[in-house]
Amino acid sequence: QMQLVESGGGLVQAGGSLRLSCAASNGIYSMAWFRQVPGKEREFVAGVSRSRDITLYANSMKGRFTISRDNVKNTLYLQMNSLKPEDTAVFYCAARLGYTVRSNAGEYDYWGQGTQVTVSS
């Protein structure tokens, strides 16, 4: 059973940066970050394969967000720069069995509890 615990969310001004972390109970899965605002579907942000040779980003996050993972610490990261008010959301860490990265939330097997990111204008 995989357990995921996110941290690092908070309040930041537009143009600022935050780094999210997700501690995993093991590191055998491909992992990703999603985000969700009330009334909307969960949105793919970025994902990385188990061996870190494949990364995938949503187009709107490319160049601003960087996903990485430390397989020794079993920790997933999301470095977010140049944050915008529209980035305000609950960010979730997810893990899936399988080698490849997917952008569909339905293909992920485990989820963290989420961490709130609020960007003020």
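Residues numbered from 1 in each chain as written. Predicted model: local features only at pLDDT ≥ 70, side-chain atom pairs only at ≥ 80, totals over all residues. Heavy atoms only, no water.

(A) Representation of the pattern of salt bridges. According to the stated counting rule, one finds four salt bridges in the structure shown. The shortest N-O distance in the salt bridge between arginine 102 and glutamate 107 comes to 3.6 Å. Judged by relative accessible area, arginine 102 falls into the partly exposed class, the value being 36%. Here the residues in one salt-bridge network are Arg35, Glu43, Arg64 and Asp87, joined through shared partners. (Salt bridge = Lys/Arg side-chain N within 4 Å of Asp/Glu carboxyl O. Buried < 20%, exposed > 50% of the residue type's maximum accessible area, 1.4 Å probe, protein only.)

(B) Looking closely at the sheet that holds strand E3 (residues 18–24). Pairing within the open sheet is antiparallel, and its four strands lie in the order E1-E3-E8-E7. Of all the strands in the sheet, just strand E1 (4–7) and strand E7 (65–70) have a single pairing partner and so form its edges. Mean inter-strand twist for the sheet, computed between neighbouring axes without regard to direction, equals 15°. Pairing of E3 with strand E8 (residues 75–80) involves six bridges; the strand directions are antiparallel. Bridging from a neighbouring strand, cysteine 22 pairs with leucine 76 of E8. (Pairing = 2+ DSSP bridges. Helix = DSSP H or I, 4+ residues; strand = E, 2+ residues; numbered from the N terminus. Axes fitted to C-alpha atoms, helices over the stretch in contact; angles between N-to-C directions.)

(C) How the structure looks around the packing of aromatic side chains. Counting across every chain of the model gives six aromatic pairs. Residues phenylalanine 34 and tyrosine 108 carry aromatic rings whose centres are separated by 5.2 Å and whose planes lie at 75° to one another, so their mutual orientation is edge-to-face. Taken as a pair, phenylalanine 34 in strand E4 (residues 30–36) and tyrosine 108 in the loop between strand E9 (89–96) and strand E10 (110–111) lie far apart in primary sequence, 74 residues in all. The class for phenylalanine 34 is buried, based on a relative accessible area of 0%. Accessibility expressed as a relative area gives 6% for tyrosine 108, which makes it buried. Look at tyrosine 92 and tryptophan 111: their rings are 6.5 Å apart centre to centre, the planes differ by 80°, and that puts the pair in the edge-to-face class. Placement of tyrosine 92 in strand E9 and of tryptophan 111 in strand E10 is noted, with a sequence separation of 19 residues between them. (Phe/Tyr/Trp six-rings, centres within 6.5 Å; stacked < 30°, edge-to-face > 60°.)

(D) Spotlight on the state of the cysteines. Inspection of the entire model under this criterion finds one disulfide. With a sulfur-sulfur separation of 2.1 Å, cysteine 22 is cross-linked through a disulfide to cysteine 93. Its torsion about the S-S bond being -75°, the disulfide of cysteine 22 and cysteine 93 is classed as left-handed. Of the two residues, cysteine 22 sits in strand E3 while cysteine 93 sits in strand E9, which places them 71 residues apart along the sequence. Each of the two residues, cysteine 22 as well as cysteine 93, counts as buried. (Disulfide = S-S within 2.5 Å.)

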